[in-house]
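# Coordinate inspection notes
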Amino acid sequence: MVAGLCIVLHHYFLVASMPLAWILSFSALALVRFMLIANTFFIAYRYRGPLPTEQRLSWKTGGRLLFQEFWASMLVTSWQMPFCSFSGTVAPQAAGLPVLLIHGYGCNSGYWHSMRRHLIRSNISHKGIDLEPLLGGIDDYAASLNKAVEELCRESGKTQLIILAHSMGGLAARVYLHQYGSRRIAKIISVGTPHHGTMLAKFGIGINSQQMRWHGDADRGQPSDWLRNLASAEDTASRALITSIYSLHDNIVAPQQSCHLPGANNIGLPRIGHVALGLHPTVQALALAEIRLAARLGQL
């Protein structure tokens, strides 16, 4: 996209210098993305859930949060997703259980590029999956998830694994658990997953976006029919397998308490944007701690 805009500026708007055309193109697209991200924060604030006084943002901390999310979004969309998608790695003499990485809406496995480096350093086998079709129903991903689960178990020589999923990926993991059971699953770690839906899903396209919608105000609204049906099909044992890590200031999931899943282990963190969650050192450290704990419990 940057290259196309650069060509247009150079040939049709008579920008004589190609380096200048590149700079102008990148700056224009960066500005558009910044405005889009700022708009998500505006909408998320409008439909925000209740927060304790000590977690309310000042203008300074709010501005820092916005720029951190902008940087994370630029890194993910301009580098990690186009160039850093991956299938997986079976570590020699691997530690613990393998990890299946599931991305969220509109992304691919490249979203987890930063987390993958930590898994490699920790000698943990892992596999990334690209959910397809991109705009299909979340139920449609269960079969490909099952295939990936079986492949990773077979390749790693383990009978169980851990799922680490961002945003919509956490819902796909819950669908898998409902359809295929927990025989292969030691733990599901969802990161920024709208377990009860989000108002911002109404601005998306595709069946999956419709399924993730929250209808109404933060206090008096309700999840989509699809989300309510998924919740009604779950039992206490399946919820106990889930750890939900989320941000109290998420700019995509609103109301933010939608990430709080009854019966799961819920960990709410302040001042992290939605895309930035998977890249944030605190979230990565918590995810690694959950992965190691699940592996130890599985060996008892």
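Predicted, not measured: the structure shown is a model, and the values here were computed from it.

### Side note on the nonpolar core
Soluble globular proteins tend to bury their nonpolar side chains together. In this structure, L100, I102, I138, L145, L161 and I163 are the most contacted members of the largest nonpolar core, which totals 33 residues. Here this core gets seven residues from one element, more than from any other, and that element is helix α6 (residues 168-180). In this structure, A72, C107, I124 and I162 belong to the second largest nonpolar core, which totals 32 residues.

### Describing the packing of aromatic side chains
Summed over the entire model, instances satisfying the criterion amount to five aromatic pairs. A ring pair is formed by F34 and F67, whose centres lie 5.2 Å apart and whose planes are at 40 degrees; its orientation type is tilted. Here F34 is found in helix α2 (residues 18-46), whereas its partner F67 is found in helix α3 (residues 59-83), with 33 residues between them in sequence. Exposure remark for F34: the relative accessible area of 19% places this residue in the buried category. Measuring from ring centre to ring centre gives 5.2 Å for Y111 and W112, while their planes differ by 80 degrees; the resulting arrangement is edge-to-face. An identical accessibility class is assigned to Y111 and W112; each is buried.

### Concerning the state of the cysteines
Throughout this description, disulfide means a covalent bond between two cysteine sulfur atoms. Tallying each qualifying case throughout the model produces zero disulfides. Left without a disulfide partner, C84 is nearest to the cysteine sulfur of C107, which lies 13 Å away.

Reading guide: rules and limits
Residues numbered from 1 in each chain as written. Predicted model: local features only at pLDDT ≥ 70, side-chain atom pairs only at ≥ 80, totals over all residues. Heavy atoms only, no water. Core = buried A, V, L, I, M, F, W, Y, C linked by side-chain atoms within 4.5 Å. Buried < 20%, exposed > 50% of the residue type's maximum accessible area, 1.4 Å probe, protein only. Helix = DSSP H or I, 4+ residues; strand = E, 2+ residues; numbered from the N terminus. Phe/Tyr/Trp six-rings, centres within 6.5 Å; stacked < 30°, edge-to-face > 60°. Disulfide = S-S within 2.5 Å.

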